[in-house]
Each structure stands twice: as C-alpha cells, then as structure tokens.
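# Structural characterization, general
So the chains spell out like this:
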Amino acid sequence: MLMIELIGIQKQFQGQDVVHPLSLSIKEGEFLTLLGPSGCGKTTILRMIAGFEQPTEGEIWLAGQQVTDVPPNKRDLNLVFQHYALFPHMTVEENIAFGLKMKKMPKSQIEERVEEAVTMTQLTPLKARYPHQLSGGQQQRVAIARAIANKPKVLLLDEPLGALDLQLRKNLQSELKHLQRALGITFVYVTHDQEEAMMLSDRIVILNGGKVEQIGTPREIYAAPKTLFAATFVGENNIFSSPEGLFAVRPEKISLAQADSASARKTGVIQDVQYFGNVHKLMVQLEHEPMRVTLALDLADDHTWQIGDVIGLNWEDKDQVVIGS
Amino acid sequence: MSRHKLGMAPVLLWLSLFLIIPMLIVAGISFLQRDALGQLVFSFSIEGYKTFFDPLYLGIYWDTIVLSVTTTVICLLISYPMAYYIANAPPRVQTWGLILITVPFWINFLIRTYAWILLLRTQGVVNTLLMEFGWIQEPLQLLYTPGAVLLGMVYNFIPFMVLPIYVALEQMDKRLLDAAYDLGASKWKAFRHITLNQSKSGIMTGCVLVYVSTTGMFVVTDILGGAKSAMISNIIQSQFLGARNWPFGAALSVIFVLTSLILILLFNRAMQARYLKVKEGGA
C-alpha cells in the first residue's frame, strides 16, 4: 500500500525554485531517506509533507487522502525536529503526553502510551526530568518518544542525529533502524550524511539544487549511480572520461598491475598512502592526465607501497559505470 | 568561585550603600518619636505604627493596593497583545513598534501627565468633542476622579509592561510552536500551553515593575486626582515634607515595603507553579 504520494510538488520562494517538480511514492513501512547537501531542498520537502510549507504546485496524498491543504495539526504524521524542540517547561513525561492530550485521549490511555514510548526509547528512569537536565542523546530520544507515542502513520525525521557526536550517532542509528522495524511505521528521513543514509534506508532520494538526481536502493545507488553528482556524493569514486562519455570506477574495484605492462589501463605515481587497518588507500597521480585516482586495497595485499612508486592500474569492464551526464 | 564573588562586590556595595542602609535608617526612624517642632527624639516608640491603624489611613492603604493591582491588571491586558503583535511582526515593524513604545520617555513625565489635564478638564478636548457630537449636554467631571488617576497610571506604566513581555516573546524559540502544531495543537492551544508559559518571566517582571512603580507614585495622584484622592505615597510624602512627622512617615514606608514584598512573593509563587493552570475543561 502507498503511504505517501507526492504528485508533481514544487516549491518556489520569491520566484526561485527551491524544489523542482517532484513525484514520489513511499510505501507503507518503508524507510526512505532524502539525501543531499545543505540547501538541496530536502528539509523543504519534509516540511511540505508535514504541512508547515505549502507546495506552490502539486498534491500531497497521505494514506489515500489528499492532504495538500490540511494544516499540520490535522495530519496523521509526526516530525522529529532537528534541534528536538522539546518543551522546556514540561518534564519528559509531559512532553511525551502532549500530543495525546491534544487529541483528548483519556488519562489512563495516555499513561499507557507514555509508558510504552519511554520503554521503547529506554527513558523510563528519566521520566520526571526536564529537558535541560538531559544529555543531547537523551533529548533526542525524548523527541522520538514524543513523536511515536502518537502512533502516527508516518514519522518524519529532520537530521535527527545532526547535533550529536560520532559515537552517539552510530549507536542511535542502529537504535533507530531497530525501532523502525519494531514499529513498522513509515519513516521519511532527512540527512546530509551519505553513510547514515546508506546504512538506514530502504530507498534513498538523492537531491541536489532542488532536483532529484537519483532514486533507488542503497545498493543500486552505490553500484549504478545515474548522475555525476550521485556517483561522487555517495561513497568515494573515480570519474574517467572516454570518447563515449564519463564513467566511474569505485576505488575497491581498481587493481594493481605492472607499470607499462599490457594489462595496465593507466599508469601513475603514488602520491599518498593512507592506512586504515582493514584497507589501505593509495592516491595515484596519473601520467599524461591531470587526475588523481584513489584505490583501496584489502589486507591480502601486504606490499608496502612508497610515495613515488610508479604503478599500473587495471579494472574490469563490468566495473565501469557509465554516467549520464 | 571566589573571583565570581569578587565580581559581585561593586553591586553589593552599591546595594548596601544606597538601598539597604537607607532602608535600615528609615526602619530605625519609624521607631522614634518627634518633638513639637518635628525634630526626631531618640527614644523608642511605636506611635507611628499605632497611627496607621486609624480607619482613615487603613482606607487609603486599601485604596492604594486596589489601585495598584487594577493598574497592573489593565496594563497587562493592554500590553500583552501589543507585545505579542510587535514580537511577531516583521523586523521593520518591530523596530517602529519599539520606538513608538519608548517615544513618550523622550518627554518629561510631568509634562506628559499635565497634558492629560488639557484632555480631561471640563473645557478639555474630550468634553468639547463629546458635546460637539451631541452625545452629552453637560461636560463630564473627568479630571480629579479616581478614574483619571487610574488612566494616568496605566498610561505612564504601559511601556514597563510591554518591554519585558516583548523581550520574553521575542526570545522564545518559535520552533516550539511548530512542534506543538505537529503534535496536534490548534493555534489557541499552542498559545496557551507554549507561548503563555514561555513569556511568563516577562509577565512577572512587567507586573512587578508596574505594581511597585504605581504604589510609589504620588505625582500622578496629585496632578490628576486633585485633593480628594490620596495614595499611601502621598501621605508618606506629606508626613516627611509637610507635617514633619518622620516617625509616622517612616512607619508607613516600612508597612508598605513589607506589603509589596509579600504581595510580590505570593505572586511569584503563583506564577512559578510550573504550568499556567488554565482550566483543562475549556480545552
């Protein structure tokens, strides 16, 4: 079943296209991520789905109903705000109960729902605290609990982990994914972090300058990027030009060959060696071409490469990904 | 920590030199006596406090509290919508709004208050207009009434209420409102549960400022209230300057400072109750 349908939605601010016409269907229970650099329009799209922005053109459907003109407080979805927007004068418990109170749910039922939400987000011992008494990660959990307590059809998340440090992000990423599976709610997630998008999503929409670059599963996007932007924004990539056009080869698809041997497609000089433990990366300056290539070698390669070594590069035809533009 | 305390030293010095010590002196005088010429006599007496319980003074005391509370409430009712409008207006309108609020301060307070006489007196602007329109036959007695005093107070102290509330509203995180709408709150409920609470500090500051200023104001009463209306501050002033009964004036001052403190404390207690308990039933 389709949960959200965006039909040709478009947003202009002062005559400028912030979001170019976009059509997109999101299935029930899907984890969909809007991925792109800042200013790409991803937050605007999310705010249009939430109802805080009106599309200049187009329609928004939620669970089979047209909601384009429905105000945010009447849409059966909830937003987890970028900076949480927790109510500072209410305890954790009161924050979580707020949406239920607005729906005039009976007290006993509110208590039940709050209990459920704090259990799922491991906030039980912090129920009576105020937001300012919580760490960033805990506040973020309250924001999520406050949203899911309403059992919305869709949960919208606007860079929910953006303000947290790396280790905490990693932990919360897996918690979020787990939560989404447990709840079965449709998640629409906004981020600029491509790794986060890859790890969490069923499908990713890559946006750039208000336009969709590609929509696909993480695997499709990594293995077969359709545009130059998609090829370089998600994961590392090497872009080569040939008479037929541009093509991309991922660093881990490039192998080494004897310099100037018949099996070498390109030859170059090692400019830098980066050791990461599980892989090491070589930056190679190509000869006769003003271009640097990155290649990743796995542990099996125990050769110690030196800066200045001349090496040949090779890859298989199937690993060449032709890019549209 | 000690550096922190050191930094407070000038403030403490200022407070003790110009507030605490003078107040102690006043409190001390309130327990003294005076001789026939009005000179202080250094012997203990509670005569000043006894005089206060004269029904005449009790009546004035009560009137003063009623007038001050009324002024505060009216100021709040007028100022909140003003502050709300200014705080939510585009930046240009905000700047102009704030300028307009503060413009009256550019003119001496006495002159502004005297100007009301021109408006309110029997042949004043208001009466003349009303008679022109034929709405009244006889000029109304507007000046030298309790209403005129109330008007003068409200007029003078509205900025004291608007500015703190404006600051609180302006500093409020507007995303909280988005969050409230997202969670199903209507505009009114979001205002009640979020905006009102977030502007509480401004309401408190404004109310205390207006209340305390009103109780201490004797000029407005003199100018617009005529001889008939008196506030406790008028009595205090006349005891010190006219009647030369310093012990009584001091006793009145002490009683009034304590009354104000108690009222403000009670008010703060009520406001501090975490939620502004607006009746849930009306939701």
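Residues numbered from 1 in each chain as written. Chains lettered and ligands numbered in written order. Predicted model: local features only at pLDDT ≥ 70, side-chain atom pairs only at ≥ 80, totals over all residues. Heavy atoms only, no water.

## Observations regarding the packing of helix 3 (residues 55–87) of chain B against helix 13 (residues 246–272) of chain B
The description of two packed helices rests on the angle between their axes and on the distance between the axes. Residue and element names in this part refer to chain B. Contact geometry of helix 3 with helix 13 gives a least axis separation of 12 Å together with a crossing angle of 35 degrees. Crossing handedness for the pair helix 3 and helix 13: right-handed. Of the residues in helix 13, those touching helix 3 at Y57, Y61, T64 and I65 are F248, I255, F256, T259 and L263. For the contact of helix 3 with helix 13, a count of residues per class yields 7 nonpolar, 2 polar and no charged. (Axes fitted to C-alpha atoms, helices over the stretch in contact; angles between N-to-C directions. Helix = DSSP H or I, 4+ residues; strand = E, 2+ residues; numbered from the N terminus. Left-handed = near helix turned anticlockwise from the far one by under 90°. Contact = heavy atoms within 4.5 Å. Nonpolar A, V, L, I, M, F, W, Y, C, P; charged D, E, K, R; others polar.)

## Re helix 9 (residues 187–198) of chain B
For helix 9 of chain B, which comprises 12 residues, the first-to-last C-alpha distance of 15 Å matches the rise-based estimate of 16 Å (1.5 Å per residue) to within 8%. Across the 12 residues that make up helix 9 of chain B, a large majority, 9, are buried. Of all the residues in helix 9 of chain B, the buried ones are B:K189, B:A190, B:F191, B:R192, B:H193, B:I194, B:T195, B:L196 and B:N197. On its buried face, helix 9 of chain B is in contact with helix 2 (92–102) of chain A together with helix 3, helix 7 (146–171), helix 8 (175–182) and helix 10 (200–215) of chain B. (Expected span 1.5 Å × (residues − 1). Buried < 20%, exposed > 50% of the residue type's maximum accessible area, 1.4 Å probe, protein only.)

## Comments concerning the sheet that holds strand 11 (residues 238–242) of chain A
All names here are of chain A. Ordered in space as 11-12-18, the 3 strands form an open sheet in which the pairing is antiparallel. Taken across any chain shown, the strands that pair with only one partner, and hence form the sheet edges, are strand 11 and strand 18 (321–322). Note that strand 12 (residues 245–249) and strand 18 share 2 bridges and pair antiparallel. Each bridged residue has a counterpart across the sheet, and for A248 the counterpart in strand 18 is V321. (Pairing = 2+ DSSP bridges.)

## A few points about the UniProt feature "transmembrane region" (unreviewed entry) in chain B
Residue and element names in this part refer to chain B. Sites flagged by UniProt as "transmembrane region" (unreviewed entry) map to residues 12–32, 60–86, 98–119, 148–169, 202–226 and 246–267. For residues 12–32, the helix share is 86%, the strand share is 0%, and the end-to-end C-alpha distance is 28 Å. Secondary structure over residues 246–267 splits into 100% helix and 0% strand, and the C-alpha atoms at its two ends are 31 Å apart. (UniProt positions renumbered as here; feature names shortened; annotations may be inferred.)

## Here's the deal with the pattern of salt bridges
Think of it this way: side chains of opposite charge can pair up when their charged atoms draw near. Residue and element names in this part refer to chain A. For the coordinates displayed, the defined rule picks out 17 salt bridges over all chains. We note a salt bridge from K281 to E236, for which the minimum N-O separation is 2.4 Å. Taken together, the residues span a long stretch of sequence, with K281 in strand 15 (residues 279–286) and E236 in the loop between helix 8 (228–233) and strand 11 at a distance of 45 residues. Residue K281 is classed as buried on the basis of its relative accessible area, which comes to 17%. (Salt bridge = Lys/Arg side-chain N within 4 Å of Asp/Glu carboxyl O.)

## Some thoughts on the side chain of B:R112
Residues and elements named next belong to chain B. Relative to the assigned elements, R112 resides in helix 5 (residues 109–120). Buried and unpaired, R112 has no salt bridge, with D222 as the nearest side chain of opposite charge at 16 Å. A distance of 3.1 Å separates the side chain of R112 from the backbone oxygen of I107, its partner in a polar contact. In this structure, R112 is in contact with P104, F105, I107, Y155 and N156, ignoring residues within four places of it in sequence. (Lys, Arg positive; Asp, Glu negative; His and termini not counted. Polar contact = N/O pair within 3.5 Å; in protein donor to acceptor, adjacent residues only side chain to side chain.)

## A few points about helix 12 (residues 232–241) of chain B
The complete set of buried residues in helix 12 of chain B reads B:I232, B:S233, B:N234, B:I235, B:I236 and B:Q239. Against the buried residues of helix 12 of chain B lie helix 3, helix 10, helix 11 (219–225) and helix 13 of chain B.

## Here we look at the packing of aromatic side chains
If you walk through the whole model with that rule in mind, you get 23 aromatic pairs over all chains. Here B:F105 and B:F160 contribute two aromatic rings whose centre-to-centre distance is 6.0 Å and whose plane-to-plane angle is 20 degrees, an arrangement assigned as stacked. Of the two residues, B:F105 is situated in the loop between helix 4 (91–102) and helix 5 and B:F160 in helix 7; the sequence distance between them amounts to 55 residues. Judged by its relative accessible area of 38%, B:F105 falls in the partly exposed class. Look at B:F160 and you get partly exposed, because its relative accessible area is 26%. Put simply, the rings of B:F52, B:F53, B:Y61 and B:F256 touch in pairs and so form one group of aromatic residues. The ring of A:F87 has A:R146 lying over it, and the distance from NZ or CZ to the ring centre is 4.7 Å. (Phe/Tyr/Trp six-rings, centres within 6.5 Å; stacked < 30°, edge-to-face > 60°. Lys NZ or Arg CZ within 6 Å of the ring centre and 35° of its normal.)

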